[in-house]
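# Coordinate inspection notes
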Amino acid sequence: MNRQDAKGVVLTGYYSNSESLPPQPGVNSVEEADPSVPSRRTGHYNVQNRSKNAAGKPPYNRCNSQDSLDMDAFWKEVESIGESDTGPQEEVQLKVPDEGEHEEAWLTAAGLTLLFQESESESDPDASEDSKAMLSTLTRTQAAAVEKRVELLKQTMRKKNKQYQVPDVREIFKPPPASAAQSEGTQPGDEPQALERSENGKGDVASSDEAIGNGAYPPADQSAPDSETDLNLEVSFAEQALSYRGRSKGVDSLSLRESQADDRLPNFKVPPDKTGRTKIGDLAPQDMKMVRRLVLIEMTALFDTARIDWKCNKVVKQKEKESGLFGVPLATLLEQDQRRVPGTKVPLILQRLISHIEAEGLDTEGLLRIPGAAGRVKALCQELEAKFYEDTFRWETLKQHDAASMLKFFIRELPHPLITVEYLNAFIAVLKLPTKKQQLQALNLLVLLLPESSRDTLKALMEFFQRVTDHMEQNKMSLNNVAVVMAPNIFMFKGFRTKISEQQEFSMAAGTASIVRLLIQYQNILWTIPKFIINQVREQNTEKQKQKKASKEKGMKRLLKKMTQDRDKPDKQERSATENDSPQGFIRVQAPEFSKVSMAVQLTEDLQASDILARFLSQDSSVSVKREDLCLYEIGGNIKERCLDEEAYMKALLELNPSAEWVIRATQR
């Protein structure tokens, strides 16, 4: 995007990454190209000199797209942050990835190191098998995203004259000749254009983003477009975006951006799913590892369909506080909290501040917006540091606005922002997607990519903000007001404002507020795992099981194999009869943690997980666990472990995973 004149700054969020993100050492920044903007070489913008303008009108004219958000509150909050600044602090140091370093890190995070390391398959055969299983389940847009990063890395390696050559991904996973010959539209002598996966029927894949962007492949779904408020979680978001792009050809690009200026947020609907929704935390760590890898690929593919290029920031390691409450890394804080309260997922200090504010009442006018006295808040934070864990802090004397200011201070004093420095670029780039539906889908994927500690803490905050807005009539804090006030606290990490120009900060203001608004409004959707990702995890598990079985059979001599089969036939039949001890049309539900260890449940069309839990509780009166702390788990088969949505229909689940076992046990929500 061309840089715009200061009098015509557009605040729709449709800006290039280079303008929206902190300029890095050795990279020409936007302001260096324009002598009218103060140069970074002549001095840094600091909190104090910028905050003088914050209360008044910002130095740039606003466009109509910002009228829906009261940005005066944003700048007042920035001014308040400046006044409460605790003085010189060690800033977060960012490092620009070297050429090719981003692609290599991306492929590593996606679990695909064997695509650029020839020795990977020999040194770690399990990782190699995992990678092959993943590649066999990718959609065409996901595979195109992978191939694009491999090609970029290969180009970089050639430039650097590396001694080894990056293997061609198409050669590594090229299907057997018979399969390849049957690929639709492939003629003898044609060059392969992509990762071809004939086994799973997903078709060919574009070999570059040009193939995606120029429509080299037909849209995934040529049927009538879905309603703008219906969310399809069963089809890849990138595939849906590609289909949307094909339908919207010829439409004025300005009309695609009008939704940014519209203050109204759609009432998105998630169609009911008979197999139940999967929330973050419902899966076993092994499956969540696969989810994160798939989500990274899917998010990149989604951005590729809109030609949005983003790169992770790298944080230079530096000394951090190892104890205390404020300015302590989130992981460190949770470690010290878990020693006191096992299983803690959200910092105790944050939980206590939220509960105190709610106990005092959420009807207080200007809650979160009106700051406490800066000097008093600073003294209270110091006192809390000394007395919190000893439980000697006098909470009854803490005023409502002071407590809210302390909560905000805690958030922005974190050494790294909750949305993480690594994915800051991607969060900001979300608003460049053409529709709110795609923006919501991208945010869903980004939330899944966050570290567990950041994800859980951010969710606790969003739930609290939602409860604040529920009292809007009394406290005058609407969704927009809360989003505008909290955006600078969430997005501005230590040293962030010294790394960007005043114009960049102004351009980002409305965008970051819009992102926080989406996080609050759609949190019940954003903290769930899309069904198409879960299905891909199931496919990967199935594929890995096939590979393991084939590997075992390959190393077995034919005679021994025959003898083993003959010897085990009666055992297998006997074991099968034992395992399937439930009559036809019944399932066996285990409950090893309780006195009633198992029960047979008859399958019906309308039997749900909640019905099984209710029946279990009615038959075992000795259970002391609360109803909300019990969960029916799907274990084994094509999933490692999954805590079931209580609205899941058991018959549909059994058809999806016939080898699963069903276990009731207590869980920590």
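Quantities reported herein were computed from a predicted structural model and do not represent experimental measurements.

### Description of the overall build of the chain
- Assigned secondary structure in the chain consists of 29 helices and nine strands.
- Residue pairs at least 24 apart in sequence account for 77% of intrachain contacts in the chain once pairs closer than 6 positions are excluded.
- Carbon and sulfur atoms form 48% of the exposed surface of the chain, whose accessible area is close to 32,200 Å².

### Notes on the pairing of strand S9 (residues 661-666)
- Where strand S5 (residues 586-590) lies against S9, two bridges are found, and the strand directions are parallel. Of the residues in S9, the one forming a bridge with Val589 is Trp662.
- Sheet topology places strand S7 (residues 630-636) next to S9; six bridges connect them, and they run antiparallel. Bridge assignment links Tyr633 to a residue of S9, and that residue is Val663.

### Quick word on the packing of aromatic side chains
- Counted under the stated rule, the structure contains eleven aromatic pairs.
- Between the aromatic rings of Phe237 and Phe532, the centroid separation amounts to 5.1 Å while the plane-to-plane angle is 70°, which identifies the pairing as edge-to-face. With Phe237 in helix H11 (residues 237-247) and Phe532 in helix H26 (residues 531-554), this residue pair connects regions lying 295 residues apart in the sequence.
- Overall, the relative accessible area of 1% leaves Phe237 in the buried class.
- Note on Phe594 and Phe616: the rings are 5.4 Å apart at their centroids and 65° apart in plane angle, and the pair reads as edge-to-face. Residue Phe594 is found in the loop between S5 and strand S6 (598-602), and its partner Phe616 is found in helix H28 (residues 609-619); the two are separated by 22 residues along the sequence.
- Classification of Phe594 as buried rests on a relative accessible area of 12%.
- We classify Phe616 as buried; its relative accessible area is 1%.

### Here's the deal with the state of the cysteines
- Under the definition given, this model contains one disulfide.
- Between Cys631 and Cys643 runs a disulfide, and the two sulfur atoms are separated by 1.9 Å. Judged by the sign of its S-S torsion, about 125°, the cystine formed by Cys631 and Cys643 is right-handed. Of this pair, Cys631 sits in strand S7 while Cys643 sits in strand S8 (residues 639-643); the two residues are twelve residues apart in sequence, bridging distant segments of the chain. Accessibility classification places Cys631 together with Cys643 in one group, the buried group.

### Some words on the side chain of Thr137
- One can find Thr137 in the loop between helix H6 (125-135) and helix H7 (140-159).
- A distance of 2.8 Å separates a polar side-chain atom of Thr137 from the backbone oxygen of Met134.

### A look at the nonpolar core
- Counting 136 residues, the largest nonpolar core has Val146, Leu368 and Phe465 as its most contacted members.
- Considering every element that reaches this core, the biggest residue donor is helix H14 (residues 285-305), with eleven residues.
- Ignoring anything within four residues of it in the chain, the contact list for Leu368 reads Glu77, Ala404, Lys408, Phe464, Phe465, Val468, Met477, Val482, Val485 and Met486.

### A closer look at H28
- Every buried residue belonging to H28 is among Ala609, Ser610, Ile612, Leu613 and Phe616, and all of these are buried. Angular distribution of buried residues about the axis of H28 spans 160°; they occupy a single face of the element.
- Those residues of H28 that are buried are in contact with S5, S6, S7, helix H29 (650-656) and S9.

### As for helix H4 (residues 101-109)
- Turning to H4, its buried residues are His102, Glu103, Trp106 and Leu107. Each buried residue of H4 lies within a common arc of 130° when the element is viewed along its axis, so the set occupies one face.
- Buried residues along H4 sit in contact with H7 and H14.

### A closer look at the pairing of S8
- Here four bridges tie S7 to S8, and the two strands are oriented antiparallel to one another. Paired with Ile635 across the two strands is Glu641, which belongs to S8.
- With antiparallel pairing between neighbouring strands as the criterion, S7 and S8 make up a hairpin whose turn holds two residues, including Gly637 at a positive phi of roughly 75°.

### Describing the pattern of salt bridges
- All chains considered together, the criterion is met by 18 salt bridges.
- In this structure, Lys531 and Asp273 form a salt bridge, with 3.1 Å as the shortest nitrogen-oxygen distance. Of the two residues, Lys531 is situated in helix H26 and Asp273 in the loop between helix H13 (258-261) and strand S2 (278-279); the sequence distance between them amounts to 258 residues. Note on accessibility: Lys531 and Asp273 belong to one class, buried.
- A single salt-bridge network, built from bridges that share partners, covers Lys148, Arg149 and Asp304.

The rules behind the values
- For every chain, the first residue of its written sequence is number 1, and the numbers climb from 1 along that sequence.
- Given that this is a predicted model, residues contribute local features only at a pLDDT of at least 70 and side-chain atom pairs are listed and counted only at 80 or more, while totals for whole chains, interfaces and linings are drawn from all residues.
- With hydrogens and water excluded, all non-hydrogen atoms of the structure serve as input to the side-chain values.
- The helix and strand labels rest on DSSP assignments: H or I over at least four residues marks a helix, E over at least two residues marks a strand, and numbering proceeds from the N terminus.
- For this analysis, residues touch if any pair of their heavy atoms sits within 4.5 Å.
- Only the protein chains shown count as cover for residues, and all accessible areas are computed by the Shrake-Rupley method using a 1.4 Å probe.
- Strand pairing follows a simple DSSP-based rule, namely that at least 2 bridges must link the two strands.
- Note on aromatic pairs: the rings of Phe, Tyr and Trp (six-membered ring only in Trp) are paired at centre separations within 6.5 Å, and the planes decide the class, stacked below 30 degrees, edge-to-face beyond 60, tilted for the rest.
- Only protein chains enter the area calculation, which uses a 1.4 Å probe; residues under 20% of their type maximum are buried, those over 50% are exposed, and those in between are partly exposed.
- Any two cysteine sulfur atoms lying within 2.5 Å of each other are counted as a disulfide.
- For this analysis, a polar contact is any N or O atom pair within 3.5 Å, provided that within protein one partner can donate a hydrogen and the other can accept it, and provided that sequence-adjacent residues contribute only side-chain to side-chain pairs.
- For this analysis, a nonpolar core means a set of buried residues of the types Ala, Val, Leu, Ile, Met, Phe, Trp, Tyr and Cys, connected via side-chain atoms within 4.5 Å.
- In this context, the arc is that of the directions from the helix axis out to the C-beta atoms.
- Within this document, salt bridges are pairs made up of a side-chain nitrogen of Lys or Arg and a carboxyl oxygen of Asp or Glu, the two lying within 4 Å of each other.

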